[in-house]
Amino acid sequence: MDALDYANKSLLRFTTSGSVDDGKSTLIGRLLYETNCIYEDQYAAVAKTSAKRGDGRVDLALLLDGLAAEREQGITIDVAYRYFTTAKRKFIIADTPGHEQYTRNMVTGASTADLAIILIDARHGVMTQSKRHGFLISLLQIPHLVVAVNKMDLVGWDQGVYDAIVRDYGEFSQKLDIQDITFIPISALEGDNVTTRSANTPWYDGQTLLHVLENVHVAADRNLVDFRFPVQTVLRPDLDFRGFAGTVVSGTVSVGEELAALPSGRTSRIRRIVTFDGDLETAVAGQAVTLVLQDEIDVSRGDMLVRRHNLPHVANEFDAMLCWMDEERLDPRTAYVLKHTTHKVKAHVRDVTYRIDVDTLHREASDGFGLNEIGRVSLKTSRPLYFDSYRRNRGTGSFILIDPVSNRTVAAGMIRGRTSSVHEVTRTRHAEPRRSTNVQWEAGAIGTADWEARNGHKGAVVWCTGYSGAGKSTVARGLVRRLFDEGRQVMMLDGDNVRHGLCGDLGFGDQDRSENIRRVGEAAKLFWQQGNIVVCTFISPFRADRDFVRSLLPEGVFVEVYVKCDLGVCRRRDPKGLYAKAEAGQIKDFTGIDSPYEEPEAPEVVIETDLETVEQVVQRIHRHLADQGII
Amino acid sequence: MTSYTMTHLKQLEQESIHVMREVVAESRNPVMLYSVGKDSAVMVRLAQKAFFPGRFPFPLLHVDTGYKFPEMYEFRDRFTASIGARLIVERNEEWIAKGAHPTVLGTDKCCQMLKTRGLLDALAKHGFDAAFGGARRDEEKSRAKERFFSVRDEFGQWDPKNQRPELWSLYNAELGDRESVRVFPLSNWTELDVWQYIRLEKIPLVPLYFAQPRRTVELGGIIVPAEHLETVDPHVKLGLGESDVTVRSCRFRSLGCIPCTGAVESTVTDVDGIIDEVVAARRSERENRLIDLTSDSSMEQKKREGYF
């Protein structure tokens, strides 16, 4: 390696995880060894220990066992950071223990990683732990995932074994939010496909692990759009200089640009971007600089400088995913210290929306979290935060909670967005739809009347409500087909299709059900405004939620269809097998079993699917639409 | 056109600056531990950068064992004055007077009294609640698990099993009444990074790092300057004569106390040469420091006791 070239490398931070005995330490030891990053004396010490234990070969994993307690138990307890360098890059490895009680450590290691390696033991296939790690990688939004199928030597380099793991894990990862996934068959012990291509895998035409690490493109993962500058400290060495020191979290900024300070909202232009090495014209994400403004405006630590026309959310109530990291359980009465960027505020966890079983990915009702548990919460802070969603911006979407008494870091949080519960809207007297303050409707656009004139019929929202298995979807499909065949502008929204995408983040607790309906209602309204007859089928068990959707629309547009059916009949039909699961306790909050259904008080149409045929009920709804002058 | 990518050295530098600013913003009374070595030299430069154009933001604390090389004392005083930093020198006079020495106490005990005890007393005396250290995670196995912000109890002790998780770049600097924090801005740097940075930034160093012909004696496999033989081992000199002295071209890879720091044979007289040597090296830099070798977990033990 040319020593002088060394100064011009790029940096990749990655994390490694695997179950106990998946060969993670061996793999890291192998990478360090093959890239000549192990010193002779370290190697000699490990060789000595291996010989003493009668291993027969040098156990590279021994290079990594740091603490005395770990050496005694032969496992890794804490996150360890390792470093190695090749001609192209410097690498920082966050080596995280795979043990299930160490979710905390894995989240810690993942928080700074650009790439994650999951090891899977070829002999055991895809285990629960591999799935948990995948979920955490998706939760922490690590942009790149490498699945290293290890110990291929122990399955005789069988392509079938490898293909099965690729298929199983590939299928599982569809459920996750992972953009880039690469599979590699390796033997960490023997070195196959780690740094050099293996002769044992003629059927594998991909790259070696090291090649992927050296070449994965990470510059594009940064957010260079949204300029965010949390002020760390104010520098005023003398009366003539007042600068705001901090690190550009995202975006770029140049001299002369107009900025706004949050929370004051005061604006000014950038006069200088100061560094020890001379003033800059432009500063980009990741740079630690000092900004000097043209005007004397009041800015202090915890404030944020942003562009006037690209603002973060400003709110003191928001939803977040929380990973609990402390032995002491989450206590809703505690005012935790919340640290977000350079800002510290008091925060209460107001509501636990659900807990995620990280092994099955099921959402379950919960009243709090213990160590290593993860779920969704609503938080309220003493002062507003200036944030973006974690998905958009890791730097302004992440926070930690600190216990006010022990001062321990008890939780890591990833902000999803402002609190959005329909309960806030429907359970207060002043029910009104939430409106984003910054949205301007396009003037001069095509109005609902224009659409209706062209279509030759009016738009409407036909809302089918009733128990699961009552026949809502069957009825709706029949109605949509009939209207479609008549040449009407018609579309369908149903529980199953919105829950895959639009509402894919929601569970089935009361609050999430309400939010589900609120979103569907808003979506239906947009489609109605553009002339559609929107047929919606949702259990929508709560009257307040249905009334909320009705309230979004003008009189006569909302057609509530109560799809009535005896619960006993629904249970017998049980087309999706859900009642059986609910009765077995496998599904919670299931309408009709352990969650109530509130019957409509004055629906426009009532149909009884246990007494009438599909044709009959479709005909009755169709007649109602005609009677109302909609079609 | 603006470049949106930074070299790894630049990224490490920015991370360290961010950490230093967090400490100054959140702690009451910070101090930077200054050992006169190359890592301290880099730390000082980073602090200058972090608070430019402000003055040097905190005092430098040198915990002196009395066993440092004369070149180190000379450099220390000249260099700290040149950057306008306030230098505090603290010594454990009680144990220095008692003649603490590795040959008498053993290296562990000697370090504990002159360095660890000396450090803890100095922190308590001045009421420092945050102390920057130049330790790196690549130096030693137990340090690989150290945090940027390492919280210590009232005895300065490290509890590796009860460390705060450190996420994103959000550092928890909250402290209880009797707690303090050690902060390691160079956590993610390697020895090679440090040398490259010194080269890039033209940072001045103690001349001991560079090779020159020195009168030396080999003592149990360690190369020792002849003029310091008595300091290394007060009893050994009697048995050695002028015939044991060899003029060798040698330098020091890391600088500690005279009794525990050996030289390595080298002809390298500039930073470029050192970098070549480090790249080619297959020996870790602390290997010529005797303190880590006494037992398999000796560094962890020292850290638990309050060593930084």
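Residues numbered from 1 in each chain as written. Chains lettered and ligands numbered in written order. Predicted model: local features only at pLDDT ≥ 70, side-chain atom pairs only at ≥ 80, totals over all residues. Heavy atoms only, no water.

Structural notes on the overall build of chain B
Our working rule: Helix and strand labels come from DSSP, where a helix needs a run of H or I of at least four residues and a strand needs a run of E of at least two; each type is numbered from the N terminus. For the exposure calls, accessible area comes from a 1.4 Å probe over protein chains only, and a residue counts as buried if that area is under 20% of its type's maximum, exposed if over 50%, partly exposed in between. The criterion used for residue contact is that any of the two residues' heavy atoms lie within 4.5 Å.
Tallying secondary structure elements over chain B gives ten helices and ten strands in all. Out of the 308 residues in chain B, the part that is buried amounts to 61%. In chain B, the share of contacts with a sequence separation of at least 24, taken over all contacts with a separation of at least 6, comes to 76%.

Focus: the state of the cysteines
Residue and element names in this part refer to chain B. The cut-off we apply is this: We call a pair of cysteine sulfur atoms a disulfide whenever their separation is within 2.5 Å.
Under the defined criterion, the tally for this structure stands at zero disulfides over all chains. Here Cys111 is not disulfide-linked; the sulfur of Cys260 is the nearest cysteine sulfur, at 6.1 Å. Overall, the relative accessible area of 7% leaves Cys111 in the buried class.

Section: the interface of chain A and chain B
Note the cut-off: Two parts placed together each lose some accessible area; with a 1.4 Å probe, that loss summed over both constitutes the buried area. Salt bridge, as applied in this entry: a Lys or Arg side-chain nitrogen positioned within 4 Å of an Asp or Glu carboxyl oxygen. For this analysis, a polar contact is any N or O atom pair within 3.5 Å, provided that within protein one partner can donate a hydrogen and the other can accept it, and provided that sequence-adjacent residues contribute only side-chain to side-chain pairs. In the scheme used here, Gly and all other residues not listed as nonpolar or charged are polar, with Ala, Val, Leu, Ile, Met, Phe, Trp, Tyr, Cys and Pro taken as nonpolar and Asp, Glu, Lys and Arg as charged.
Contact with chain A, which involves 84 residues of that partner, is made by 74 residues of chain B. Carbon and sulfur atoms supply 56% of the area buried between chain A and chain B, which totals about 6,600 Å² over both sides. Viewed at the interface, chain B and chain A are joined by ten salt bridges. Put simply, Lys339 of chain A and Glu22 of chain B hold a salt bridge, and the shortest N to O gap is 2.7 Å. Across the chain A-chain B interface, the total number found is 29 residue pairs in polar contact (both at pLDDT 80 or more). Its residues assigned to classes, the side of chain A that touches chain B comprises 40 nonpolar, 27 polar and 17 charged.

With respect to the domain arrangement of chain B
All names here are of chain B. Defined as follows: Domain delimitation in this document rests on an assignment produced automatically or drawn from a domain database.
Partitioning chain B into structural domains gives domain 1 (8-204 + 297-305) and domain 2 (207-292). Computed over C-alpha atoms only, the centres of domain 1 and domain 2 are separated by 24 Å. Counting residues at the interface gives 29 residues for domain 1, matched by 29 residues for domain 2. Where domain 1 meets domain 2, there are two salt bridges. Of the charged contacts in the structure, one is a salt bridge between Asp272 and Arg199, with a shortest N-O distance of 2.6 Å. Joining domain 1 to domain 2, the criterion identifies six residue pairs in polar contact (both at pLDDT 80 or more). Contributing elements (two or more residues each) for the side of domain 1 that touches domain 2: α3 (70-82), α5 (102-105), α6 (107-126), α7 (191-201) and α10 (298-305). Of all the elements, α7 adds the most residues to the side of domain 1 that touches domain 2, at six residues. Classifying every residue of the side of domain 1 that touches domain 2 by side-chain character gives ten nonpolar, seven polar and twelve charged.

Description of the sheet that holds strand β4 (residues 115-121) of chain A
Put simply, the rule is: Pairing between two strands requires that DSSP report at least two bridges joining them. In this description, a line fitted to the C-alpha atoms serves as the axis of each element, helices being fitted only across the stretch in contact, and the angle between N-to-C directions of two axes falls anywhere from 0 to 180 degrees.
Strand order in this open sheet of six strands is β2-β3-β1-β4-β5-β6 (chain A), and the pairing throughout is mixed. Each edge of the sheet is formed by a strand with only one pairing partner; in this case those strands are β2 (80-85) and β6 (180-185) of chain A. Pairs of neighbouring strands in the sheet enclose a mean axial angle of 25°, with direction left out of account. Pairing of strand β5 (residues 144-150) of chain A with β6 of chain A involves six bridges; the strand directions are parallel. Bridge pairing links Val146 of chain A to Thr182 of chain A in β6 of chain A. Here helix α5 (residues 128-139) of chain A sits on the sheet in contact with β1 (10-17), β4 and β5 of chain A, set at roughly 170° to β4 of chain A. In this fold helix α1 (residues 8-26) of chain B packs onto β1 and β3 (89-95) of chain A, with an angle of close to 70° to the strand it touches most, β1 of chain A.

So, the side chain of Thr208 of chain A
All names here are of chain A. Tracing the backbone through its elements, the reader meets Thr208 in the loop between β6 and α7 (209-215). Among the polar contacts listed, one links the side chain of Thr208 to the backbone nitrogen of His211, at a separation of 3.1 Å. Leaving out residues up to four positions away in the same chain, Thr208 has contacts with Ile184, Asn193, Val194, Thr195, Thr196 and Arg197.

Remarks on the packing of helix α11 (residues 472-485) of chain A against helix α17 (residues 614-627) of chain A
Residues and elements named next belong to chain A. To be explicit about the condition: Note that the term roughly parallel is reserved for angles under 35 degrees, roughly antiparallel for angles over 145, roughly perpendicular for angles of 65 to 115, and oblique for everything else. Two helices that cross are described as forming a left-handed crossing if the nearer one is turned anticlockwise from the farther one by less than a right angle, and a right-handed crossing if clockwise.
Where α11 contacts α17, the axes come no closer than 9 Å and their chain directions differ by 55°. On the basis of the axis angle, α11 is oblique to α17. Crossing geometry of α11 relative to α17 is assigned as right-handed. Along the contact surface, α11 presents Thr474, Val475, Gly478, Leu479, Arg482 and Leu483, while α17 presents Val614, Val617, Val618, Gln619, Ile621, His622 and Leu625. Its residues assigned to classes, the contact of α11 with α17 comprises eight nonpolar, four polar and one charged.

Description of the pattern of salt bridges
A full pass over the atoms with the stated rule returns 63 salt bridges over all chains. Between Glu154 of chain B and Arg178 of chain B there is a salt bridge, with its nearest N and O atoms 3.6 Å apart. Of this pair, Glu154 of chain B sits in the loop between β5 (149-152) and β6 (180-183) while Arg178 of chain B sits in the loop between β5 and β6, placing them 24 residues apart in sequence. With a relative accessible area of 46%, Glu154 of chain B lands in the partly exposed category. Judged by its relative accessible area of 61%, Arg178 of chain B is exposed. For the salt bridge of Glu265 of chain B with Arg248 of chain B, the shortest nitrogen-to-oxygen distance reads 3.8 Å. Separated by 17 residues along the polypeptide, Glu265 of chain B in strand β10 (residues 264-265) and Arg248 of chain B in strand β9 (residues 246-251) bring together distant segments of the chain. The class for Arg248 of chain B is buried, based on a relative accessible area of 12%. Taken together, the shared-partner salt bridges connect Asp319, Arg376, Arg416, Asp505, Glu515, Arg518 and Arg519 of chain A into one network.

Overview of unusual backbone geometry
The omega angle of the peptide bond from Leu262 of chain A to Pro263 of chain A is 10°, so this bond is cis rather than trans. Secondary-structure assignment places Pro263 of chain A in the loop between β11 (258-262) and β12 (267-274). Cis geometry marks the peptide bond from Phe52 of chain B to Pro53 of chain B, where omega comes out at 0°. With respect to the secondary-structure elements, Pro53 of chain B resides in the loop between α2 (38-51) and β2 (60-64).

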